[in-house]
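Structural description and commentary
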Amino acid sequence: GEDVEQSLFLSVREGDSSVINCTYTDSSSTYLYWYKQEPGAGLQLLTYIFSNMDMKQDQRLTVLLNKKDKHLSLRIADTQTGDSAIYFCAESLSGNTGKLIFGQGTTLQVKP
Amino acid sequence: EAGVVQSPRYKIIEKKQPVAFWCNPISGHNTLYWYLQNLGQGPELLIRYENEEAVDDSQLPKDRFSAERLKGVDSTLKIQPAELGDSAVYLCASSLTGANEQFFGPGTRLTVL
């Protein structure tokens, strides 16, 4: 079945890079997403990558996709205290337009 | 441009009581989603609408949950009767039809006592 797994917690120092990892099981995934959720707020789409790409960069964010290993990562350069939040990886499946399968989220703690 | 609006933001009820949540999607977004987010978990899709038609309600517990989107814009999600295990955040999202980006509202945090 469809499953998305993430590590639960990551702690970094301000100014360091953060790397949040995600694995998924469904090889028919078409798009993979990274969402950010701050306390008491909804999910904010950060970036997404099409499954035939292996990298996407957007300012401080770099997404790497290893389709063979079904592994997705989000790198945040120069991490700031405002980046502290929960980060969710999600996949959308081909033939099932709109349905997203989310991981359980990774809590990123940025220490000053 | 206004985002997805949800109300109420918080709701506390006693078990066996009914409760309803309201969502107003982004203007022009034909696709509307209701998600359930349990504490410490990612969101799980409950139902997806294309205009006023529910095109995927396979995850909606139909014995106590119902939803409607009568005019293809606003939507309501209802639970009757609520159970203790329904305590969670209920998220609404919307998108343009066939688009990759879903935009989420702030959610309604439900506490059932």
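Residues numbered from 1 in each chain as written. Chains lettered and ligands numbered in written order. Predicted model: local features only at pLDDT ≥ 70, side-chain atom pairs only at ≥ 80, totals over all residues. Heavy atoms only, no water.

Some remarks on the overall build of chain B
Applicable threshold: Strands are runs of DSSP state E lasting at least two residues, helices are runs of H or I lasting at least four, and both sets are numbered from the N terminus onward. As a reference, a globule follows 2.2 Å times the number of residues to the power 0.38, and the radius of gyration itself is taken over C-alpha atoms. Per-residue accessibility, obtained with a 1.4 Å probe over protein chains only, is compared with the maximum for each type, and a residue is labelled buried under 20%, exposed over 50%, and partly exposed between these values. Any two residues whose heavy atoms approach within 4.5 Å at even a single point are treated as in contact. Residues scored as positive are Lys and Arg, those scored as negative are Asp and Glu, and His as well as the terminal groups of each chain are ignored. For the purpose of locating charges, the reference atoms are NZ of Lys, CZ of Arg, CG of Asp and CD of Glu.
Scanning chain B from N- to C-terminus turns up 0 helices and 11 strands. From first element to last, N terminus to C terminus, chain B shows the α and β order β-β-β-β-β-β-β-β-β-β-β. For a compact globule of 113 residues, the expected C-alpha radius of gyration is about 13 Å, and chain B comes in at 13 Å, within 12% of that figure. On the principal axes, the C-alpha backbone points of chain B span a range of 40 × 25 × 25 Å. The proportion of buried residues among the 113 residues of chain B is 45%. Counting only contacts in chain B whose residues sit at least 6 apart along the sequence, the fraction spanning at least 24 positions is 52%. One finds the centroid of the 11 positive side-chain charges in chain B at a distance of 8 Å from the centroid of its 14 negative side-chain charges.

Topic: the interface of chain B and chain A
Where we set the bar: Buried area adds together the accessible area that both of two parts lose upon being put together, with accessible area traced by a 1.4 Å probe. By convention in these notes, a salt bridge is any Lys or Arg side-chain nitrogen within 4 Å of a carboxyl oxygen on Asp or Glu. As used in this structure description, the phrase polar contact means that two N or O atoms lie within 3.5 Å; if the pair is within protein, one of them must be able to donate a hydrogen and the other to accept it, and residues adjacent in sequence are counted only when both atoms belong to side chains. Residues are grouped as follows: Ala, Val, Leu, Ile, Met, Phe, Trp, Tyr, Cys and Pro are nonpolar; Asp, Glu, Lys and Arg are charged; all remaining types, including Gly, are polar.
In this assembly, 20 residues from chain B lie in contact with 19 residues from chain A. The contact between chain B and chain A buries some 1,500 Å² in all, and 49% of this surface belongs to carbon and sulfur atoms. Counting across the chain B and chain A interface gives 0 salt bridges. Scanning the region where chain B abuts chain A turns up 3 residue pairs in polar contact (both at pLDDT 80 or more). Elements that contribute at least two residues to the side of chain B that touches chain A include exactly strand S4 (31-37) and strand S5 (44-50) of chain B. The dominant element in the side of chain B that touches chain A, judged by the number of residues it contributes, is S4 of chain B, at 3 residues. The class makeup of the residues in the side of chain B that touches chain A is 7 nonpolar, 9 polar and 4 charged.

Description of the packing of aromatic side chains
The way to describe two aromatic rings as a pair is by their centre distance and the angle between their planes. To keep it simple, the criterion reads: Aromatic rings from Phe, Tyr and Trp, taking only the six-membered ring of Trp, are treated as a pair when their centres fall within 6.5 Å; an angle between ring planes under 30 degrees marks them as stacked, one over 60 as edge-to-face, and anything in between as tilted. Remark: a charge is flagged as sitting over a ring if the NZ atom of Lys or the CZ atom of Arg is within 6 Å of the ring centre and within 35 degrees of the ring normal.
Counted under the stated rule, the structure contains 14 aromatic pairs over all chains. An angle of 40° between the planes, with centres 6.5 Å apart, marks the rings of tyrosine 31 of chain A and tyrosine 33 of chain A as tilted. In this structure, tyrosine 31 of chain A and tyrosine 33 of chain A share a single accessibility class: buried. On the basis of an interplanar angle of 85° and a centroid distance of 5.4 Å, the ring pair of tyrosine 35 of chain A and phenylalanine 104 of chain B is categorised as edge-to-face. Within this pair, whereas tyrosine 35 of chain A is found in strand S4 (residues 29-37), its partner phenylalanine 104 of chain B is found in strand S10 (residues 103-104), the two belonging to separate chains. The exposure classification of tyrosine 35 of chain A matches that of phenylalanine 104 of chain B, with both residues buried. Note that lysine 56 of chain A overlies the ring of tyrosine 48 of chain A, its terminal NZ or CZ placed 4.6 Å from the centroid.

Overview of the state of the cysteines
By definition, a disulfide links the sulfur atoms of two cysteines through a covalent bond. All names here are of chain B. Worth spelling out the cut-off: What counts as a disulfide here is a pair of cysteine sulfur atoms lying within 2.5 Å.
For the coordinates displayed, the defined rule picks out 2 disulfides over all chains. Paired through a disulfide, cysteine 23 and cysteine 92 show a sulfur-sulfur distance of 1.9 Å. With the S-S bond torsion at -70°, the cross-link from cysteine 23 to cysteine 92 turns out left-handed. Here the residue cysteine 23 occupies a position in strand S3 (residues 19-24), and cysteine 92 occupies one in strand S9 (residues 88-95), the gap between them amounting to 69 residues.

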